[in-house]
Amino acid sequence: MNRFAQLLDRLAYESSRNSKLRMLADYFRTTPDPERGYALAAMTGALSFTHAKPAIIRALIAERTDPVLFAMSYDYVGDLSETVALLWPAPQTERRNVAPPSLGDVVHGLQQVGKAQLPQLLASWLDDLDETGRWALLKLITGGLRIGVSARLAKTAVASLGDHDPNEIEEVWHGLSPPFLELFAWVEGRQERPSANNPAPFRTPMLAHAWDEADFDKLDPADFSAEWKWDGIRVQAVAGTDEEGRRVARLYSRTGEDISKSFPDLMEMLCEAHFGDVSIDGELLVVIEGAVQPFGTLQQRLNRKSVTQKLVAQYPAHIRAYDVLSENGEDLRELPFADRRARLESLVARLAHPRLDLSPEIPFSDWPALAQARRDPASAGAAAAADAIEGVMLKRRDSVYVPGRPKGLWFKWKRDPFNVDAVLMYAQRGHGRRSSFYSDFTFGVWKGSELVPVGKAYFGFTDAELKELDRYIRNHTRNRFGPVRELDFSMDQGLVLEIAFEGLSRSTRHKSGVAMRFPRIARIRWDKPAREADQIEVLETWLDVGLRQSAPNAT
Amino acid sequence: MPVSRGKTSCFTGWAARPRANWPALTYLSGQMALSDLLTLTPPGLYCPAADVHIDPVRPVPRALITHGHSDHARAGHGRVLATAQTMAIMALRYGAQFCESQQAVAYGERVTLNGIEVSFHPAGHVLGSAQIRLQGPSGCVVVSGDYKRAYDPTCAPFELVRCDAFVTEATFGLPVFRHPDAAGEVAKLLRSCALFPERAHLVGAYSLGKAQRVMKLLRLSGWDKPIWIHGALEKITHFYQSEGIDLGDIRKVSAADRATLAGEIIICPPGQLADLWSRKFPDPVTAFASGWMRVRARARQRGIELPLVISDHVDWDDLCATISETGASEIWVTHGAEEAIVHWCQTRGLDARPLHILGYGDDEVEALAEGAP
Ligand SMILES: [Zn+2]
Ligand SMILES: [Zn+2]
């Protein structure tokens with residue numbers, strides 16, 4: 001994102017068409033897929049997500065700055081996005097443990113985030129980006145991105161990567177979608193020209209909102225169908241036939257990334273003639289002798305440069321079908337879910353392929369029964385597959401297939417996140433209403449007899465708890481570095497916090513080697529001695545079983 | 001009369017003078033009676049006890065000068081006390097006779113003027129720049145002049161001086177001004193040179209300080225081709241070199257050279273960017289090194305194609321930090337967005353007042369006239 005922002009920044013000051021073209025071409029030449037494809041999408045208007053209202057941005061900055069200083073700054077700068085980008089307080093950089101978001105991260109994040117979580121997500125991006133990156137992000141999400149580059153100019157720059165005429169790009173443009181991998185592969189001479197009539201197009205998938213337990217009262221269980229939320233990768237498997245009668249198959253990730261190359265076994269299946277012209281929405285899994293393998297096993301098959309026979313045999317790929325979007329030229333997305341489900345059941349039965357099966361429905365009569373199934377999938381028929389289940393999905397039986405994340409139709413109700421007991425190491429004053437309290441907490445786990453920081457939390461405690469924590473911090477400070485207090489911690493002394501988090505990834509920027517996603521304080525363990533906090537090995541095992549890098553599949 | 005280094009000396013050339021009937025400021029009043037140390041008069045800041053002005057904007061009998069920028073260092077004073085480098089810069093700009101008599105003071109050296117101890121401390125702004133500290137029986141005042149705390153290999157780094165009252169500049173006194181690492185901005189320039197090797201890159205930079213800092217940063221970033229300069233930069237740049245600052249191969253642009261400088265970096269006074277002079281270069285990319293480049297509208301207003309956020313002044317964060325670190329309880333704010341920093345001080349219980357001194361300019365944007373050859 002910072003790189004894309006630098007490009008936009010430079011373009012904004014350049015008036016010569018020729019120079020703009022050079023900057024664009026340089027960017028496309030030196031930026032990897034899929035990032036450059038999303039940039040192309042942003043510049044050609046091919047990206048669509050709900051825009052954040054300026055009110056959200058104003059609220060975020062109001063929590064962090066003095067209103068008088070904000071008003072003076074806004075008055076001087078004259079542009080809200082730019083003012084906020086410049087004014088945004090720098091986080092404690094030495095304690096940050098995440099890389100700045102890529103444009104792809106932003107696009108995916110905005111597609112999957114619910115309204116309630118948007119401000120927090122936005123704030124974490126703003127923390128991680130530099131001034132130019134923040135400006136570009138805010139312009140992008142408020143729909144105010146005007147960079148003086150026409151879609152035509154952007155396409156011309158892409159064409160220049162391989163001495164193509166820009167009209168050749170226009171001819172194939174409509175068969176393409178972000179992040180335009182086929183297009184770049186073609187102009188760079190790595191692949192044939194994409195067909196204008198894409199026989200295996202990507203269709204923007206339908207995504208679910210997080211289930212709010214308050215929804216129970218409002219919704220009738222009879223209106224919903226439930227199924228497991230599998231811990232694999234949401235994919236779209238598409239098969240078709242091109243003008244010359246050749247079979248064409250594609251496997252797309254949820255964001256439209258073409259991941260076909262990594263799955264020759266599935267391509268072979270989809271190319272079988274009796275699959276016809278079909279588009280299936282499902283979960284990519286590794287299934288060995290009927291047993292779904294944990295996500296870490298599936299990771300063995302992802303992002304591989306070369307896919308060996310051995311790898312395919314060892315980790316056989318599988319599609320568990322959720323939905324059918326088209327069949328033999330018929331677009332089924334306008335049908336209600338119940339009808340599509342019936343079509344899907346007969347389709348899967350007709351295709352009768354060992355690498356393809358149906359995502360089973362969970363029978364339930366009322367909400368408590370479903371809650372029980374979610375808590376204990378094994379008891380609700382999931383049996384041995386229980387470990388590969390992330391939660392349950394709820395779909396309105398009458399829901400048509402709407403691209404994006406429509407309201408009120410589909411819900412995901414995840415199992416509880418991961419928990420770890422950590423020791424409070426550093427505290428820093430908060431912002432706004434909390435500016436007089438120590439409310440930003442860095443915590444660590446044991447690595448042998450030493451504590452290593454693994455994350456930072458700002459959320460998850462009540463105001464009363466905040467006061468208690470604040471008092472504890474003031475009474476147990478060992479050192480002060482500017483606004484940061486280092487606390488007394490050792491095997492025999494220290495406060496244990498139970499931290500809940502959504503995921504874990506490897507981090508080279510962090511001494512512990514791991515970084516948590518969305519950590520929050522689940523409980524303050526006043527009772528627990530510091531020496532009984534968790535060891536880093538606990539987190540490392542979770543990494544090894546393959547908590548995903550950045551939860552790319554959180555539907 | 002020479003002053004020996006490191007020793008307190010009394011500068012007897014400064015006879016006591018009857019106090020003029022200027023309205024004394026009450027800001028520094030109270031039990032400390034700091035108003036004896038510093039007050040504001042029409043020519044600028046004035047120390048009644050020592051009978052001396054600091055950076056006066058019109059000729060006065062006796063002046064202490066913080067640094068060589070033209071809004072702070074003017075010609076025509078009687079006696080001038082400044083660092084040797086500032087004195088040399090004034091002589092370069094105004095000729096050797098820029099004042100009646102002068103005395104150079106080393107950083108840290110203490111000079112007593114009518115019982116007031118005066119000392120100069122590095123301000124990190126440009127070569128020779130100093131903060132001026134006045135210590136009297138009632139307390140201690142520091143006048144910052146212009147200053148910065150960011151890395152600058154062409155001058156002595158800022159030295160924090162604790163005091164009771166701090167007179168600070170606030171050129172960039174709004175929280176939107178956070179200057180990035182200057183090396184990153186220079187990298188931006190070098191990337192552009194690589195992308196457009198057939199174009200000349202013209203960098204507007206204030207002729208004293210900024211221009212030489214950009215040259216040095218280019219060298220530190222590995223640019224080893226000659227750096228071309230506009231004639232108006234020549235004297236000051238040679239002075240920097242004579243002070244032991246290695247700037248590599250610096251060449252003055254002649255009229256004939258201009259059309260041949262594709263792929264080269266040329267540094268000139270900002271005023272030249274919009275001048276006919278710049279149009280003779282091959283398809284020039286116009287860059288401007290200034291803290292103001294942080295704000296897009298300001299860069300666009302000047303038609304800049306490559307804004308480089310490089311400033312010789314403190315940014316907001318450093319300004320706030322410095323105010324806190326001096327320990328001063330009274331803050332006077334000169335040139336810039338005074339209201340914002342005054343507000344900030346007040347939210348922290350500091351007594352702060354804006355000081356509207358007419359004639360203090362904005363050395364990030366040099367006057368057109370001065371840039372002319
Ligand atoms: Zn100044
Ligand atoms: Zn200055």
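Residues numbered from 1 in each chain as written. Chains lettered and ligands numbered in written order. Predicted model: local features only at pLDDT ≥ 70, side-chain atom pairs only at ≥ 80, totals over all residues. Heavy atoms only, no water.

A.B. asks: Residue-level account of the overall build of chain B, with values.
C.D. replies: Each helix and strand in chain B was counted, giving 8 helices and 20 strands. Here chain B holds 373 residues, and 61% of them are scored as buried. The long-range fraction of contacts in chain B, counting pairs at least 24 apart against all pairs at least 6 apart in sequence, stands at 61%. Put simply, chain B shows about 13400 Å² of open surface, and 53% of that area lies on carbon and sulfur atoms. (Helix = DSSP H or I, 4+ residues; strand = E, 2+ residues; numbered from the N terminus. Buried < 20%, exposed > 50% of the residue type's maximum accessible area, 1.4 Å probe, protein only. Contact = heavy atoms within 4.5 Å. Areas by Shrake-Rupley, 256 points an atom, 1.4 Å probe, with all protein chains shown as cover.)

A.B. asks: Provide a residue-level description of the side chain of Arg10 of chain A, including the pertinent values.
C.D. replies: Relative to the helices and strands, Arg10 of chain A resides in helix α1 (residues 2-13). We note that Arg10 of chain A is buried and unpaired, the nearest opposite charge coming from Glu14 of chain A at a distance of 4.3 Å. At 3.0 Å, the side chain of Arg10 of chain A forms a polar contact with the side chain of Ser192 of chain B. Other than its neighbours up to four places away in sequence, Arg10 of chain A contacts Met23 of chain A together with Ser192, Phe196, Val285, Glu305 and Leu306 of chain B. (Lys, Arg positive; Asp, Glu negative; His and termini not counted. Salt bridge = Lys/Arg side-chain N within 4 Å of Asp/Glu carboxyl O. Polar contact = N/O pair within 3.5 Å; in protein donor to acceptor, adjacent residues only side chain to side chain.)

A.B. asks: Talk me through the packing of helix α5 (residues 67-77) of chain A against helix α7 (residues 338-347) of chain B; I want residue IDs and the actual numbers.
C.D. replies: With their axes 10 Å apart at the nearest point, α5 of chain A and α7 of chain B run at an angle of 170° to one another. Comparing their axes, α7 of chain B and α5 of chain A come out roughly antiparallel. Residues Val68, Leu69 and Met72 of chain A of α5 of chain A form the contact with α7 of chain B, whose participating residues are Glu339, Ala340, His343 and Trp344 of chain B. Considered class by class, the residues forming the contact of α5 of chain A with α7 of chain B number 5 nonpolar, 1 polar and 1 charged. (Axes fitted to C-alpha atoms, helices over the stretch in contact; angles between N-to-C directions. Parallel < 35°, antiparallel > 145°, perpendicular 65-115°, else oblique. Nonpolar A, V, L, I, M, F, W, Y, C, P; charged D, E, K, R; others polar.)

A.B. asks: Talk me through the sheet that holds strand β18 (residues 306-308) of chain B; I want residue IDs and the actual numbers.
C.D. replies: All names here are of chain B. On the basis of which strands lie adjacent, the open sheet formed by 6 strands has the order β15-β14-β16-β13-β17-β18 and parallel pairing. What marks the edges here is a single partner per strand, and that holds for β15 (250-252) and β18. Ignoring strand direction, the axes of neighbouring strands in this sheet form an average angle of 25°. Direction of pairing for strand β13 (residues 201-204) relative to strand β17 (residues 285-289): parallel, over a ladder of 4 bridges. (Pairing = 2+ DSSP bridges.)

A.B. asks: An account of the interface of chain A and chain B is needed here, citing residue identities and associated values.
C.D. replies: Residue-level contacts link 27 residues of chain A with 31 residues of chain B. In this assembly, chain A packs against chain B so that about 2600 Å² is buried in total across both faces, 54% of it on carbon and sulfur atoms. Broken down residue by residue, the surface that chain A buries against chain B is led by Arg10, Tyr13 and Tyr76 of chain A, which jointly contribute 30%. Taken together, the links from chain A to chain B amount to 5 salt bridges. In this structure, the salt-bridge partner of Glu198 of chain B is Arg22 of chain A, at a minimum N-O distance of 3.1 Å. Counting the contacts that link chain A with chain B gives 12 residue pairs in polar contact (both at pLDDT 80 or more). Going through the elements one at a time, α1, α2 (17-30), α5, α6 (80-87) and α9 (131-141) of chain A are the ones with two or more residues in the side of chain A that touches chain B. In terms of residue count, the dominant contributor to the side of chain A that touches chain B is α5 of chain A (6 residues). Partitioning the side of chain A that touches chain B into residue classes produces 13 nonpolar, 5 polar and 9 charged. (Buried area = accessible area lost by both parts, 1.4 Å probe.)

A.B. asks: Run through α2 of chain A, naming residues and quoting values.
C.D. replies: Helix length check: α2 of chain A (14 residues) gives 20 Å between terminal C-alpha atoms against 20 Å at 1.5 Å per residue, within 8%. Buried residues of α2 of chain A: Ser19, Lys20, Leu21, Met23, Leu24, Ala25, Tyr27 and Phe28 of chain A, and no others. On its buried face, α2 of chain A sits against α1, α3 (35-44), α10 (151-160) and α12 (181-187) of chain A together with α2 (182-195) of chain B. The residue sitting at the N-terminus of α2 of chain A and contributing the capping side-chain oxygen is Ser16 of chain A; that oxygen lies 3.3 Å from the backbone nitrogen of Asn18 of chain A. (Expected span 1.5 Å × (residues − 1).)

A.B. asks: Talk me through helix α16 (residues 337-351) of chain A; I want residue IDs and the actual numbers.
C.D. replies: Residue and element names in this part refer to chain A. Here α16 spans 20 Å end to end across 15 residues, near enough to the 21 Å set by a 1.5 Å rise per residue. Buried within α16 we find Phe337, Arg340, Arg341, Leu344, Leu347, Val348 and Leu351. Considered in projection along α16, the buried side chains sweep an arc of 125° and stay on one side of the axis. On its buried side, α16 packs onto β2 (224-230), β5 (278-288), β7 (317-327), β9 (356-358), β10 (389-396) and β11 (410-414). Directly beyond the C-terminal end of α16, a positive phi value near 40° is found at Ala352. (Arc of directions from axis to C-beta.)

A.B. asks: Give a description of the sheet that holds β2 of chain A that names residues and reports values.
C.D. replies: Residues and elements named next belong to chain A. Here 4 strands make up an open sheet; going across it, the order is β1-β11-β10-β2 and the pairing mixed. Edge positions in the sheet fall to β1 (209-210) and β2, since each has one partner strand and no second. Two elements, β10 and β11, share 5 bridges in a ladder whose sense is antiparallel. Pairing of Leu394 across the sheet is with Phe411, part of β11.

A.B. asks: Now, about the environment of Ala151 of chain A: what can you tell me, with residues and values included?
C.D. replies: Within the secondary structure, Ala151 of chain A sits in helix α10. When residues no more than four places from it in sequence are discounted, the contact partners of Ala151 of chain A are Met43 and Thr44 of chain A.

A.B. asks: Give me the lowdown on the pattern of salt bridges, citing residues and values where you can.
C.D. replies: Pairing between side chains becomes possible if they bear opposite charge and their charged atoms approach one another. This structure, assessed with the given rule, holds 51 salt bridges over all chains. Across the salt bridge formed by Asp33 of chain A and Arg36 of chain A, the nearest N and O atoms sit 2.8 Å from each other. Arg36 of chain A sits in the buried class, given a relative accessible area of 4%. For Arg199 of chain B, the salt bridge is made with Asp283 of chain B, and the minimal N-O distance between the two is 3.2 Å. Here the residue Arg199 of chain B occupies a position in the loop between α2 and β13, and Asp283 of chain B occupies one in the loop between β16 (265-268) and β17, the gap between them amounting to 84 residues.

A.B. asks: Can you lay out the packing of aromatic side chains for me, pointing to particular residues and giving the numbers?
C.D. replies: Throughout the structure, instances matching the rule amount to 18 aromatic pairs over all chains. Considering the side-chain rings of Tyr472 of chain A and Trp526 of chain A, the 6.0 Å spacing of their centres and the 65° angle between planes classify their relative orientation as edge-to-face. With Tyr472 of chain A in helix α18 (residues 463-475) and Trp526 of chain A in the loop between β20 (520-525) and α19 (536-544), this pair connects stretches of sequence that are 54 residues apart. For Trp526 of chain A, a relative accessible area of 43% translates into the label partly exposed. Note on Tyr147 of chain B and Phe166 of chain B: the rings are 6.0 Å apart at their centroids and 65° apart in plane angle, and the pair reads as edge-to-face. Here Tyr147 of chain B is found in the loop between β11 (139-143) and β12 (165-170), whereas its partner Phe166 of chain B is found in strand β12, with 19 residues between them in sequence. One aromatic cluster is present, built from ring pairs that chain together Phe4, Tyr27, Phe28 and Phe184 of chain A. One residue, Lys395 of chain A, lies across the ring of Trp410 of chain A, its end atom 4.3 Å from the ring centre. Against the face of Trp292 of chain B rests Arg298 of chain B, its NZ or CZ located 4.1 Å from the ring centre. (Phe/Tyr/Trp six-rings, centres within 6.5 Å; stacked < 30°, edge-to-face > 60°. Lys NZ or Arg CZ within 6 Å of the ring centre and 35° of its normal.)

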